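One letter stands for each residue in the lines below.
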Amino acid sequence: MPKVFIGVGHGGSDPGAVSNNTKEKDLNLSIALACRDELKRDGISVKMSRTKDENDTLSEEIKECNAYSPDLAVDIHNNAGGGDGAEAFYHYGGGTSKTLAENILAEIVKIGQNSRGAKIRKNTNGKDYYGFIRETSCPAVIVECAFVDNATDLKILATEGKRQAMGEAIGKGILKT
């Protein structure tokens, strides 16, 4: 049975991006739970870094992921900083990580969110900037679903049903990969 690890960005005392009382950690968890349910409906074994609001450090998340030994890993986040749209970061070497990022974004676009693209980001050593991508032992991506400080973007996540649609879209992108 294929295995997928879902990282849920932030949590507990770390709210992530915050705008107008909207906390990234709450959006991330809602989306991740819907993604998990979508994958389980298709017979995929899933482990999540958290299923409730609790502190969850990046190092703990990476350790859990590698101990689970999944086929794929996705870390779910939302953005801030004045932009709009979804984006997905993948391993600078491409491969399955790049395919996963592109498939997820293609599904997110189908629910009405625009795409900022599948991207890489390197650190000063020429390695992946993001620890989740750099240190996991399987193909991994980070998905940024929307900008919490953009009113138009936030409408795509405004209700539990819309967050469920986002999670299902991510799940469909994973299944496609």
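A look at helix H1 (residues 24-41)
Thought 1: Taking 1.5 Å as the rise per residue, H1 with 18 residues should run 26 Å; its terminal C-alpha atoms sit 26 Å apart, in good agreement.
Thought 2: Every buried residue of H1 is listed here: Glu-24, Lys-25, Leu-27, Asn-28, Leu-29, Ser-30, Ile-31, Ala-32, Ala-34, Cys-35, Glu-38 and Leu-39.
Thought 3: Two residues or fewer past H1, Gly-43 is found with a positive phi of approximately 85 degrees.

Looking at the packing of aromatic side chains
The description of an aromatic ring pair uses the distance of the two centres, along with the angle that the planes make with each other.
Thought 1: Tallied over the full model, the rule gives three aromatic pairs.
Thought 2: An aromatic cluster of three or more residues is present, and its members are Phe-89, Tyr-129 and Tyr-130.
Thought 3: Across the ring face of Tyr-68, the terminal group of Lys-3 is positioned such that the distance to the ring centre comes to 4.6 Å.
Thought 4: A cation over an aromatic ring shows up here: Arg-121 above the ring of Tyr-129, its NZ or CZ 3.6 Å from the ring centre.

What to know about helix H3 (residues 95-110)
Thought 1: In this model, H3 (16 residues) spans 23 Å end to end at C-alpha, consistent with the 22 Å of a helix rising 1.5 Å per residue.
Thought 2: Regarding H3, the residues found buried are Ser-97, Leu-100, Ala-101, Asn-103, Ile-104, Leu-105, Glu-107 and Ile-108.
Thought 3: Buried residues in H3 make contact with strand E5 (72-79), strand E6 (86-90), strand E7 (115-119), strand E8 (140-147) and helix H6 (160-176).
Thought 4: In the stretch just after H3, Gly-112 is the one whose phi turns positive, near 105 degrees.

Quick word on the sheet that holds strand E1 (residues 3-8)
Thought 1: As summarised here, the arrangement of the six strands in space is E4-E1-E5-E8-E6-E7, forming an open sheet in which the pairing is mixed. Unpaired on one side and paired on the other, strand E4 (45-48) and E7 mark the two borders of the sheet. Averaged over neighbouring strand pairs, the angle between their axes works out to 15 degrees when direction is ignored.
Thought 2: Here E6 runs beside E8; their pairing, made up of four bridges, is antiparallel. Residue Phe-89 lies in a different strand from E8, and its bridge partner there is Ile-142.
Thought 3: This element, H1, spans E1, E4, E5 and E8 of the sheet and lies at about 145 degrees to E5.
Thought 4: Sitting on the sheet, helix H2 (residues 58-68) is in contact with E1, E4 and E5, with an inclination near 175 degrees to E1.

Re the environment of Gly-7
Thought 1: By the element assignment, Gly-7 lies in strand E1.
Thought 2: Beyond its immediate chain neighbours, meaning those up to four positions away, Gly-7 contacts Ser-49, Glu-61, Val-74, Asp-75 and Ile-76.

Focus: the side chain of Ser-19
Thought 1: Examined against the element boundaries, Ser-19 turns out to sit in strand E2 (residues 18-19).
Thought 2: Classification of Ser-19 by relative accessible area gives buried; the value is 14%.
Thought 3: Excluding residues that lie within four positions of it along the chain, Ser-19 makes contacts with Val-148 and Asp-149.

Structural notes on the packing of H3 against H6
Between two packed helices, both the angle of their axes relative to each other and the distance between the axes serve to describe the pair.
Thought 1: Contact pair H3 / H6: the axes reach a minimum separation of 8 Å and the direction vectors enclose 140 degrees. The pairing of H3 with H6 is recorded here as oblique in orientation. Regarding H3 and H6, the two cross each other, and that crossing is right-handed. Here Leu-100, Asn-103, Ile-104, Glu-107 and Ile-108 of H3 lie close against H6, whose contacting residues are Met-166, Ala-169, Ile-170, Lys-172, Gly-173, Ile-174 and Lys-176.

About the cut-offs
Along each chain, the written sequence defines residue order, and numbers are assigned to residues from 1. Selection of residues for local features in this predicted model requires a pLDDT of at least 70, selection of side-chain atom pairs for listing and counting requires 80 or more, and totals for whole chains, interfaces and linings are taken over all residues. Side-chain numbers come from the whole structure's heavy atoms, not from hydrogens or water. In this text, helices come from DSSP runs of H or I with a minimum length of four residues, and strands from runs of E with a minimum of two, each type numbered from the N-terminal end. What a helix should span is 1.5 Å times the count of its residues minus one. A simple rule labels every residue: compare its accessible area, found with a 1.4 Å probe on the protein chains alone, to the largest value its type can have, and call it buried under 20%, exposed over 50%, or partly exposed in between. Centres within 6.5 Å are what make two rings of Phe, Tyr or Trp a pair, Trp counting through its six-membered ring; a difference in plane orientation under 30 degrees is then read as stacked, over 60 as edge-to-face, and the rest as tilted. Each ring is checked for a lysine NZ or an arginine CZ that lies within 6 Å of its centre and within 35 degrees of its normal; such an atom marks a charge sitting over the ring. Residues are treated as being in contact if the distance between any of their heavy atoms lies within 4.5 Å. Two strands are counted as paired when DSSP detects at least two bridges linking them. Note on geometry: axes are lines fitted to C-alpha atoms, helical ones only across the stretch in contact, with angles between N-to-C directions running from 0 to 180 degrees. An angle below 35 degrees is read as roughly parallel, one above 145 as roughly antiparallel, one from 65 to 115 as roughly perpendicular, and any other as oblique. What makes a crossing left-handed is the near helix being turned counterclockwise from the far one by less than a right angle; a clockwise turn instead makes it right-handed.

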